[in-house]
Amino acid sequence: MEYYLFDTCRLGVLIAVLVETILFFMWAFARDKVKTYWLLAGPVILGISLYLDYAVETNREQLERITREIVQAAEEEKAEVIINSLSSHFLLNSGYNKDRVAEKIRYYCSRPFIYYNHVDSLQVNSVQDASGQVEFSVTTMFDSKSNYASVPYIKTTWQFDYVRDADGRYRVQNMTMLKFGNEPGFDIFSQRGDTYYKSL
């Protein structure tokens with residue numbers, strides 16, 4: 001379920017400020033009718049808004065969190081974390097399903113590959129109860145012992161398409177590299193992707 005009001009606490013802050021301003025002026029001009037403790041209403045509303053923003057994870061926030069977890073897992077070479085974030089309906093345009101992609105992920109993570117990943121930007125393009133789409137850019141510094149160490153770092157832009165599985169968690173159904181540096185992206189899981197990396 002989407003809780004749009006809790007994506008940020010901005011609305012709660014605005015309401016708290018508005019209520020506090022009105023109450024302050026009422027208290028300033030009619031102290032005999034407005035009790036002083038009424039001035040606590042603004043801080044109480046603010047506190048509730050901040051708590052709900054912290055306590056409630058919206059669909060948008062879940063998509064952002066899972067995307068960042070995948071990027072972090074790639075840096076830490078935690079193949080199973082990435083694989084568990086893929087939907088059983090995962091299918092790349094190249095025809096790779098979850099099992100075939102899992103083999104590639106384990107292969108990449110079994111040797112020095114990424115030293116550091118930094119998410120430069122992340123945007124949720126769409127979010128619904130059953131699906132979502134995230135676009136993000138990440139700067140990757142390759143491990144000095146990797147086969148790709150001749151390129152110290154590269155910026156890539158990705159699009160992840162998500163579906164919500166039966167357990168209520170969003171998982172990646174498809175991933176597309178939109179850009180590799182200033183060049184068009186490619187499928188890193190296909191033979192073409194292997195050839196491209198080996199040519200670096």
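Below you will find a few notes about this structure. From a predicted model like this one, the values you see are computed outputs, not experimental measurements.

Conventions adopted
- Residues numbered from 1 in each chain as written.
- Predicted model: local features only at pLDDT ≥ 70, side-chain atom pairs only at ≥ 80, totals over all residues.
- Heavy atoms only, no water.
- Pairing = 2+ DSSP bridges.
- Helix = DSSP H or I, 4+ residues; strand = E, 2+ residues; numbered from the N terminus.
- Contact = heavy atoms within 4.5 Å.
- Axes fitted to C-alpha atoms, helices over the stretch in contact; angles between N-to-C directions.
- Expected span 1.5 Å × (residues − 1).
- Buried < 20%, exposed > 50% of the residue type's maximum accessible area, 1.4 Å probe, protein only.
- Salt bridge = Lys/Arg side-chain N within 4 Å of Asp/Glu carboxyl O.

### Focus on the sheet that holds strand 2 (residues 131–142)
Then, number 1: One open sheet accounts for 5 strands, arranged 1-2-3-4-5; its pairing is antiparallel. With partners counted over all chains shown, the strands left at the sheet margins are strand 1 (114–127) and strand 5 (183–184), one partner each.
Then, number 2: Sheet topology places strand 1 next to strand 2; 11 bridges connect them, and they run antiparallel. Each residue of the ladder has a partner; that of asparagine 117, found in strand 2, is threonine 140.
Then, number 3: Along the sheet, helix 3 (residues 59–75) contacts strand 1, strand 2, strand 3 (153–164) and strand 4 (170–180); its crossing angle with strand 1, the most-contacted strand, is approximately 160°.

### Here we look at unusual backbone geometry
Then, number 1: If you check the backbone angles, glutamate 77 has positive phi at about 55° while not being a glycine.
Then, number 2: Along the chain, glutamate 77 falls in the loop between helix 3 and helix 4 (79–84).

### Observations regarding helix 3
Then, number 1: With 17 residues, helix 3 should reach 24 Å at 1.5 Å per residue; the first-to-last C-alpha distance of 25 Å fits that figure.
Then, number 2: Turning to helix 3, its buried residues are Asn59, Glu61, Gln62, Leu63, Ile66, Thr67, Ile70, Val71, Ala73, Ala74 and Glu75.
Then, number 3: One or two steps after helix 3, the chain reaches glutamate 77, where phi turns positive at roughly 55°.

### Comments concerning the pattern of salt bridges
Then, number 1: Summed over all chains, the structure comprises 6 salt bridges.
Then, number 2: Here glutamate 69 makes a salt bridge to arginine 65, at a shortest N to O gap of 3.0 Å. A residue pair is termed a helical-turn pair when its members lie 3 or 4 positions apart in one helix, as glutamate 69 and arginine 65 do in helix 3 at 4 residues.
Then, number 3: The exposure class of glutamate 69 is partly exposed, given its relative accessible area of 30%.
Then, number 4: You can call arginine 65 partly exposed: its relative accessible area is 30%.
Then, number 5: Between glutamate 76 and lysine 78 there is a salt bridge, with its nearest N and O atoms 3.0 Å apart.
Then, number 6: Residue classification places glutamate 76 among the partly exposed positions, given a relative accessible area of 38%.
Then, number 7: Because the salt bridges share partners, they merge into one network encompassing Arg65, Glu69 and Arg169.

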